[in-house]
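Inside the fold
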Amino acid sequence: MAKTAVCFTLSLGACALLWSVPTWAQSKPAADLIITDAKIWTADKSMPWAQAVAVLGDRIVAVGSSSDIDAWRGPNTHVIDAAGKLLLPGFNDAHVHLVSGGKQLDNVQLNDATTPEEFARRIDERAKITPKGEWILGGNWDETKWSPPNIPTKAVIDALTPDTPVFVSRYDGHMGLANSLALRLAGITAKTPDPPGGTIVRDAQGNPTGALKDAATDYIYKVIPPLSHDQRLKIVKRALAYAASVGVTSVQHMVADYEDIAVYRELLERGELTLRIYVAPSIVQVEDQAKLGIGHAFGGPYLRIGALKAFADGSLGSGTAYFYQPFLNQGNNRGLLSDEMHPISLMRDRYMKADAAGLQICTHAIGDEGISTILDLYADVIKAHGEADRRFRIEHAQHMAAKDFERFAQLHVIASVQPYHAIDDGRFAESHIGHDRASRTYAFRTFLDHGVRLAFGTDWEVAPLDPLLTLYAAVTRATLDGKNPSGWFPEQKLSVAEAVGAYTMGSAYAEFQENEKGSITAGKLADMVLVSDDIFSIAPEKIRDVQVLKTLVGGRLVFDRSAAANGKSQN
Ligand SMILES: [Zn+2]
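A few points on the structure.

Rules and cut-offs
- Residues numbered from 1 in each chain as written.
- Predicted model: local features only at pLDDT ≥ 70, side-chain atom pairs only at ≥ 80, totals over all residues.
- Heavy atoms only, no water.
- Helix = DSSP H or I, 4+ residues; strand = E, 2+ residues; numbered from the N terminus.
- Rg over C-alpha atoms; globule rule 2.2 N^0.38 Å.
- Buried < 20%, exposed > 50% of the residue type's maximum accessible area, 1.4 Å probe, protein only.
- Areas by Shrake-Rupley, 256 points an atom, 1.4 Å probe, with all protein chains shown as cover.
- Donors = N, O, S within 2.8 Å, 3.2 Å for Na, K, Ca; no water.
- Salt bridge = Lys/Arg side-chain N within 4 Å of Asp/Glu carboxyl O.
- Pairing = 2+ DSSP bridges.
- Expected span 1.5 Å × (residues − 1).
- Arc of directions from axis to C-beta.
- Contact = heavy atoms within 4.5 Å.

A word on the overall build of the protein
Along the protein, the regular secondary structure elements total 19 helices and 26 strands. In terms of overall dimensions, the protein is globule-like: its C-alpha atoms have a radius of gyration of 24 Å, near the 25 Å expected for 571 residues. Oriented by its inertia axes, the alpha-carbon framework of the protein measures out at about 85 × 55 × 50 Å. Considering the protein as a whole, with its 571 residues, one finds that 58% of them fall into the buried category. If you sum the accessible surface of the protein, you get close to 22400 Å²; carbon and sulfur atoms cover 54% of it.

If you want it as structure tokens, here you go:
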């Protein structure tokens, strides 16, 4: 198609028209699908706004005015009249735990339990319907919603769960509470030492309280029976349906198990994969992907591998993010480097191996020294192997040292961030780390000012998968406790266009797919979301109430609210 040369010299509107000149019409096929009378924000800087889009097969073939696109209409073209609603590129969540998220849809829900009594009541209720010996997992409890905000102990649930092993997670995934049966199954006693990068919380007598931090949770995870293939398949199908219902068309699955990949492949073969997935297994397994010689983003439009997920440190809420200076009111505690960083040369060696094999590296780093240390290691890799388009990522990039924004940009590191965490952690971050450090926390504006690329995601199941909540968070920075209605560090707010851009083009770039998806552009995959309200013009605080009406992946309608019975459910 010889439109390119002309497009550079004509105005953009004229360019779109070229797709519908009569000489073309004789040879070009009719579109399979037309979405017309929409308000389209394309995320394509060459033509940010349009009215209509034509789809042929799984790709967008034309974008323009409703009358331009009408020329693509044939007798069998399916037409969606958007009635003036806003159409966006599909959301690409750059950081999810898809199977844990899917599991969470079925697990006991503890996140909105506002007292330890309610927490215990829900576990009791669940234990009554759980077959003997089967585990109660998940939960996402959040003790900061309790007063006083004390970490729960096994004493709260032991009497309710004599025959049911319980290991319920804190919402940040860096701590969990085990009951006595679970501790017994895992062999954890007063004599068990803290593992590197982990803590067994103990009472005054030195006995485990049931709370386990970071690497200490592995004692428990080792004894939980693995999911069967069929269980996993069921969980993933549920996650796919949920993702479609909230407008997520691509995800990047961090720390995926190989068994997850097998399930994705099976669904792909059956034509049932309705979400595009980029898989990043643990860097601990770097040898496997390195041996294959595949490099980053290897695969097809629905399923790619070639990335690795590493851990530098823990989280803010659990007191395990790794800082230069101690947390406030926690003695000398300045966090923990993860077990993958003991010693740091172990991580460097794995990075070198991964990079030599052309694999992409995504590293969880939250505290300022954790982030800084990873930037050092990234710089070591570049020094050893030379400049290349590697798209190193730091996942979360929460608490930045002032000196590191510039370095982030120089090393071309992508900040893969989750704005919902900002309005969640914003409730307590200053009490943990003080005003100065908090001012460089979730510093999205400062990143953009330094020319750092942002990719947006949620960290589901840690935070809700719903992209409208994430956009709301990035645009308002209004903390969940209602105490910062005009924004927590409001100078870091983003515009709606910047936020949607980070969630679409930004995330696509973070997985080397910016030429395939991320904008509503002719030639790209037809992944699009129709929403109930125009987020560019409504009051920002209303963005969280906006509903997804239709979700299309590769031109296929994978969610249609008018056909779905239930209203919006927020996980
Ligand atoms: Zn995560």
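What to know about the coordination of the zinc ion
Donor atoms from the polypeptide that bind the zinc ion are His 95 (NE2), His 97 (NE2) and Asp 459 (OD), placed at 2.1 Å. Look at His 95 and you get buried, because its relative accessible area is 1%. Residue His 97 is classed as buried on the basis of its relative accessible area, which comes to 13%.

Thoughts on the pattern of salt bridges
Taken as a whole, this structure holds 36 salt bridges when the rule is applied. A salt bridge links Glu 125 to Arg 121, with the shortest nitrogen-to-oxygen separation between them at 2.9 Å. One end of the pair is Glu 125 and the other is Arg 121, both in helix H6 (residues 116-129) and four residues apart, which spans about a single turn. Residue classification places Glu 125 among the partly exposed residues on the basis of a relative accessible area of 46%. Residue Lys 517 pairs with Glu 511 through a salt bridge whose shortest N-O separation is 3.0 Å. Just as Lys 517 is buried, Glu 511 falls in that class too. Connected through shared salt-bridge partners, Asp 112, Glu 118, Arg 121, Arg 122 and Glu 125 make up one network.

Comments concerning the environment of Pro 485
Relative to the helices and strands, Pro 485 is located in the loop between helix H18 (467-476) and helix H19 (496-510). In this structure Pro 485 comes out as exposed when scored by relative accessible area, which is 66%. Sequence separation of Pro 485 and Glu 541 is 56 residues, and the distance between their C-alpha atoms is 8.9 Å.

Focus: the pairing of strand E25 (residues 548-553)
Each regular strand carries side chains that alternate between the two faces of the sheet. Most of E25 is tucked away, with five of its six residues classed as buried. Bridge count between strand E24 (residues 528-531) and E25: four bridges; the pairing is antiparallel. Its bridge partner lying in E25, Leu 530 is registered against Lys 550. The pairing of E25 with strand E26 (residues 556-560) spans four bridges and is antiparallel. Bridging across to E26, Leu 552 finds its partner in Leu 557.

Thoughts on the sheet that holds strand E15 (residues 248-256)
Reading across from one edge, E8-E15-E16-E18-E17 is the order of the five strands in this open sheet, with mixed pairing throughout. Whereas interior strands pair on both sides, the edge strands pair on one side only; in this sheet they are strand E8 (91-96) and strand E17 (298-299). Pairing geometry for E17 and strand E18 (residues 303-305), over two bridges, is antiparallel. Across the sheet, Gly 299 pairs through a bridge with Arg 304, a residue of E18.

Some remarks on helix H10 (residues 258-269)
Its 12 residues give H10 an end-to-end C-alpha distance of 17 Å, which sits within 8% of 16 Å, the value for a rise of 1.5 Å per residue. Buried residues of H10: Asp 260, Ile 261, Val 263, Tyr 264 and Leu 267, and no others. Seen from one end, H10 has its buried residues packed into an arc of 160°, which puts them on one side. Summarising the contacts, the buried residues of H10 are in contact with helix H5 (98-104), helix H9 (229-245), E15, strand E16 (276-281) and E18. Gly 271 lies just past H10 and shows a positive phi near 75°.

Structural notes on the sheet that holds E24
Strand order in this open sheet of six strands is E3-E2-E7-E24-E25-E26, and the pairing throughout is mixed. At either margin of the open sheet sits one strand with a lone partner, and together these are strand E3 (49-50) and E26. Across two bridges, the pairing between strand E2 (residues 39-41) and strand E7 (residues 86-89) is parallel. Each residue of the ladder has a partner; that of Ile 40, found in E7, is Leu 87.

Structural notes on helix H12 (residues 344-356)
Here H12 contains 13 residues, and its C-alpha end-to-end distance of 19 Å stays within 8% of the 18 Å for a straight helix at 1.5 Å per residue. Buried within H12 we find Met 347, Arg 350, Tyr 351, Met 352, Ala 354 and Asp 355. The secondary structure elements touched by the buried residues of H12 are helix H11 (286-292), strand E19 (307-311), strand E20 (360-365) and helix H13 (368-385). Following H12 by one or two positions, Gly 358 adopts a phi angle in the positive range, close to 75°.

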